[in-house]
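Summary of structural features
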Amino acid sequence: MERRGWGAYGAVYRAFRVEGVPGPVALKLALHPGDERFAREGELLSRIRHPSVPRLVARGSWRQPGDILSTPYIAMEWIEGVSLYEWARVQCPSSRQVLHALASLARALEATHAAGGVHRDVKGDNVLVSAADGQVFLTDFGSGHYLGAATLTSPPFPPGTPHYRSPEAWRSVRLPFQASAPPYAPGPADDVFALGMTAYRLVTDDYPPTPAPMDEESHIWRPEGPGPRPLHAVNVRCCEELSGLVCRMISVHPEARGSARELAEALEQAARRAGPKADVPLFAREEPQPVDARGAPRHVVPRAAGHTARSWLTAASLGGAVVLGAAWLLSAHPGEEAAQGHASAPEDEKDGGTVAVGDTALTAPVSPRAPSAWSAISVDVPPRPLPGQQRVDTSGRCPSRTQVPINGGCWTKLAVSMKDCDASFNYYEYKGACYGPALPPARPSTSGPAEHSEYDTP
């Protein structure tokens, strides 16, 4: 009926006429014929039975008339709703409501881990909140893995989103990178950490410093480090029960996080026993509501109380550093919502850096059309610069001659083939070539002489 989103490897459609299913389904169609990720995602979903995980209703291959090769697809239960972050913006939930939502997601992870799988891309844009009853759903298992499944990605990292990677995942990288080095293998503790980072972003409207070695504040994630500021110190409306459990989930020590089942039980108990502060809305609505030129109300984004605005430059620079770093590590030329729902948040507020099949960081509803694997295959340069990307000056030029001005941003042409021009690394196509976003040079540390790090040597 209509395309609802696309990502690095697939496009998502609202479809009908699946045998035995009276209503619509979420149809995920691969961009590339024979993509094994779809078979892996379908197999993982077939093993999970949980009310907070969309039900798999069909899988197979589809061939457009005239095509030689068939394209894999999966069809899942359709969930009409919004992402977890959008839900928080609109509903201004209390700590108790967030505790209930996190408990349901922890139960979904418990079912996933019990099936021998890991999600590998838990984040708010891969969580849907149903418009009908407020139930939360963990979606987009396109980055998932299960015991016995083939490895489909190259080192150093498997699929995922940089801000949600665990400290142990970042510590696994050694520079200079050796192509023969085995990739990091995420486990249940990585999913728990990502759920904790999801909660942190949800409650504070921000991320803490990342464990990535290029982040000048990454020292807080060292085994002897203090860790990020607790939630109730950033958002004074957050109850201590929620704050403490999120600190547990994002502990630098994997064994201290607990299993998904243990966390679900703790979250459920906290939701029952928390005091009156747990019913205070986490965000303050802005009044009066502004209107546009026609007098219609404009969308208001409530801000977290006690919000500290870390620049989006940090997030974008991190993603870009990973992008360009990946290109360098792989000897290239130097240089983010759940698929089944609506993409209603502003484009520059979505998470990026994922390679999940249904990620819709560049999503906008489009006119109905017949599904076509090639209708979404080209991931073009975005129509405006990415957050933190270097921009052209008033004369339309970039600061470096090696950079190319495109759509107001500065881009670096990458020496990779088009088949490797992968949006999961923030690579984009422009006029038959592959480009990555150019980022400002890293600012020198103001904390004194650089310390020797494990990342300084192989």
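Here the structure is a predicted model, which means the values were calculated and not measured.

Let's shift gears to the nonpolar core. Ranked by internal contacts, the top residues of the largest apolar core, which has 67 residues, are Leu-102, Leu-138, Leu-195 and Leu-242. Residue contributions to this core peak at 10 residues, all from helix H3 (residues 95–114). If near-sequence neighbours (up to four positions away) are discounted, Leu-195 is found in contact with Leu-102, Leu-105, Ala-106, Leu-109, Val-122 and Met-249. Counting 12 residues, the second-largest nonpolar core is a separate cluster that includes Ala-15, Val-18, Val-25 and Ala-58.

Take the confidence of the model for the protein next. Looking at the protein, the pLDDT average stands at 75 and 69% of residues meet or exceed 70. Long-range and interchain partners of residues 294–378, a stretch whose pLDDT sits below 50, account for 255 contacts in this model, where long-range means more than four residues apart. Scored below 50 in pLDDT, residues 445–458 makes 16 contacts in the model with residues more than four places away or belonging to other chains.

With that settled, consider the pattern of salt bridges. Think of it this way: side chains of opposite charge can pair up when their charged atoms draw near. For the coordinates displayed, the defined rule picks out 10 salt bridges. The residue Glu-110 makes a salt bridge to Arg-107 at a minimum N-O spacing of 2.9 Å. Taken together, the residues Glu-110 and Arg-107, both in helix H3 and 3 residues apart, mark about one turn of the helix. For Glu-265, the salt bridge goes to Arg-261, with nearest N and O atoms at 3.5 Å.

So, about the state of the cysteines. Enumeration according to the criterion identifies 1 disulfide in this entry. The partner cysteine of Cys-398 in its disulfide is Cys-410, sulfur to sulfur 2.2 Å. Judged by the sign of its S-S torsion, about -110°, the bond between Cys-398 and Cys-410 is left-handed. Of this pair, Cys-398 sits in the loop between helix H10 (312–329) and strand E13 (403–406) while Cys-410 sits in strand E14 (residues 409–414), placing them 12 residues apart in sequence. Pair check on accessibility: Cys-398 and Cys-410 agree, each one buried. A disulfide-free cysteine, Cys-239 has its sulfur positioned 5.4 Å from the sulfur of Cys-238, the nearest such atom.

Time to look at the packing of H3 against helix H9 (residues 260–273). For any two helices packed against each other, one specifies the inter-axial angle together with the distance between the axes. One way to put it is that H3 packs onto H9 with a least axis distance of 8 Å and a crossing angle of 160°. As summarised for this structure, H3 and H9 are arranged roughly antiparallel, according to the angle between their axes. Two packed elements cross with a definite hand, and for H3 against H9 that hand is left-handed. Between H3, through Arg-96, Leu-99, His-100, Leu-102, Ala-103, Ala-106, Arg-107, Leu-109, Glu-110 and His-113, and H9, the contact on the second element is made entirely by Ala-260, Arg-261, Ala-264, Glu-265, Leu-267, Glu-268, Ala-270, Ala-271 and Arg-272.

Calculation notes
Residues numbered from 1 in each chain as written. Predicted model: local features only at pLDDT ≥ 70, side-chain atom pairs only at ≥ 80, totals over all residues. Heavy atoms only, no water. Core = buried A, V, L, I, M, F, W, Y, C linked by side-chain atoms within 4.5 Å. Buried < 20%, exposed > 50% of the residue type's maximum accessible area, 1.4 Å probe, protein only. Helix = DSSP H or I, 4+ residues; strand = E, 2+ residues; numbered from the N terminus. Contact = heavy atoms within 4.5 Å. pLDDT = per-residue confidence, 0-100. Salt bridge = Lys/Arg side-chain N within 4 Å of Asp/Glu carboxyl O. Disulfide = S-S within 2.5 Å. Axes fitted to C-alpha atoms, helices over the stretch in contact; angles between N-to-C directions. Parallel < 35°, antiparallel > 145°, perpendicular 65-115°, else oblique. Left-handed = near helix turned anticlockwise from the far one by under 90°.

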